[in-house]
Amino acid sequence: MLNKEQIKQIIPQREPFLMIDEVEENTPGESAIAYKNVEESEWYFKGHFPGNPIMPGVLIAESLAQTGAVAILSMEENKGKNALFGGIDKMKFKKMVIPGDRLKLEVKIIKRKGPIGVGEAIATVDGKVAAKGQLTFAIVG
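Residues numbered from 1 in each chain as written. Predicted model: local features only at pLDDT ≥ 70, side-chain atom pairs only at ≥ 80, totals over all residues. Heavy atoms only, no water.

**Structural notes on the overall build of the protein**
- Helix and strand counts for the protein stand at two helices and six strands.
- On C-alpha atoms alone, the protein measures out to a radius of gyration of 14 Å, which is about the 14 Å that the 2.2 N^0.38 rule sets for 141 residues.
- Projected onto its principal axes, the C-alpha positions of the protein cover 45 × 30 × 25 Å.
- Per-residue burial over the protein gives 47% buried out of 141 residues.
- The contacts of the protein with a sequence gap of at least 6 include a subset with a gap of at least 24, amounting to 58%.
- Summed over its atoms, the accessible surface of the protein is roughly 7,500 Å², and 52% of this surface lies on carbon and sulfur atoms.
- Considering the protein, the positive charge centre built from 19 side chains and the negative charge centre built from 18 side chains are found 6 Å apart. (Helix = DSSP H or I, 4+ residues; strand = E, 2+ residues; numbered from the N terminus. Rg over C-alpha atoms; globule rule 2.2 N^0.38 Å. Buried < 20%, exposed > 50% of the residue type's maximum accessible area, 1.4 Å probe, protein only. Contact = heavy atoms within 4.5 Å. Areas by Shrake-Rupley, 256 points an atom, 1.4 Å probe, with all protein chains shown as cover. Lys, Arg positive; Asp, Glu negative; His and termini not counted. Charge placed at Lys NZ, Arg CZ, Asp CG, Glu CD.)

**Description of the packing of aromatic side chains**
- Applying the stated criterion across every chain yields a total of two aromatic pairs.
- Geometrically, the ring pair formed by tryptophan 43 and tyrosine 44 is edge-to-face, given 5.3 Å between the ring centres and 80° between the ring planes.
- A relative accessible area of 5% means that tyrosine 44 is categorised as buried.
- Residues tyrosine 44 and phenylalanine 45 carry aromatic rings whose centres are separated by 4.7 Å and whose planes lie at 65° to one another, so their mutual orientation is edge-to-face. Phenylalanine 45 matches tyrosine 44 in its accessibility class, with the two residues each being buried.
- Counting every residue linked through ring pairs, the aromatic cluster contains Trp43, Tyr44 and Phe45. (Phe/Tyr/Trp six-rings, centres within 6.5 Å; stacked < 30°, edge-to-face > 60°.)

**Here's the deal with the side chain of lysine 36**
- Within the secondary structure, lysine 36 sits in strand S2 (residues 31–37).
- With residues up to four places along the chain from it excluded, the contact list for lysine 36 reads Met19, Asp21, Glu42, Tyr44, Met55, Asp101, Arg102, Leu103 and Leu105.

**Here's the deal with the environment of glutamate 39**
- Within the secondary structure, glutamate 39 is located in the loop between S2 and helix H2 (57–73).
- Contacts of glutamate 39, omitting those with residues within four sequence positions, involve Phe45 and Pro99.

**Digging into the nonpolar core**
- In this structure, Ile11, Ile20, Met55, Leu64 and Leu103 are the most contacted members of the largest nonpolar core, which totals 36 residues.
- Put simply, the parts of the chain that give this core at least two residues each are H2, strand S3 (82–93), strand S4 (102–113), strand S5 (116–125) and strand S6 (128–140).
- Those residues in contact with leucine 64 that sit more than four places away from it in its chain are Met91, Leu105, Glu106, Val107, Ala121, Ile122, Ala123 and Leu135. (Core = buried A, V, L, I, M, F, W, Y, C linked by side-chain atoms within 4.5 Å.)

**Notes on the sheet that holds S4**
- Sheet architecture is open: six strands sit in the order S1-S2-S4-S5-S6-S3, paired in antiparallel fashion. Looking at which strands have only one partner, the edges of the open sheet turn out to be strand S1 (22–27) and S3. Taken over all neighbouring pairs, the strand axes of this sheet differ in orientation by 20° on average, direction set aside.
- As defined by bridge partners, S4 adjoins S5 across ten bridges and the pair is classed as antiparallel. Across the sheet, the residue bridging to leucine 105 is alanine 123, located in S5.
- Its contacts with the sheet place H2 against S1, S2, S3, S4, S5 and S6, and it is angled at close to 55° to S4. (Pairing = 2+ DSSP bridges. Axes fitted to C-alpha atoms, helices over the stretch in contact; angles between N-to-C directions.)

Below, the structure written as structure tokens:
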């Protein structure tokens, strides 16, 4: 299990944009499973939406991307680099994510060629799919 401080040693994101709280599993270059504890005090709930807080879908996608980045950037040859979005494909949002939810984030790297790769991503809450799709990334130095 990796905590936030250990995650920060792998990926460059920092608060308030560090979107994962802990990593349960990490197989470098292959897959990662992480969690985001969705708190009522999250900065984005002030405007999305007052009185009806819902985690924005783009931030669920970002949380998944950061989970995939843990798997890719923990590879020896990628340490100290960054993983950027190259694309988001077939992303579907199936369930609202609200304060109090524990978002489970799973990313499996399904394709890699040079600095470009694709991850199959799924976010769930209590076993129910909140979002799923494919994330394309590019490693930059």
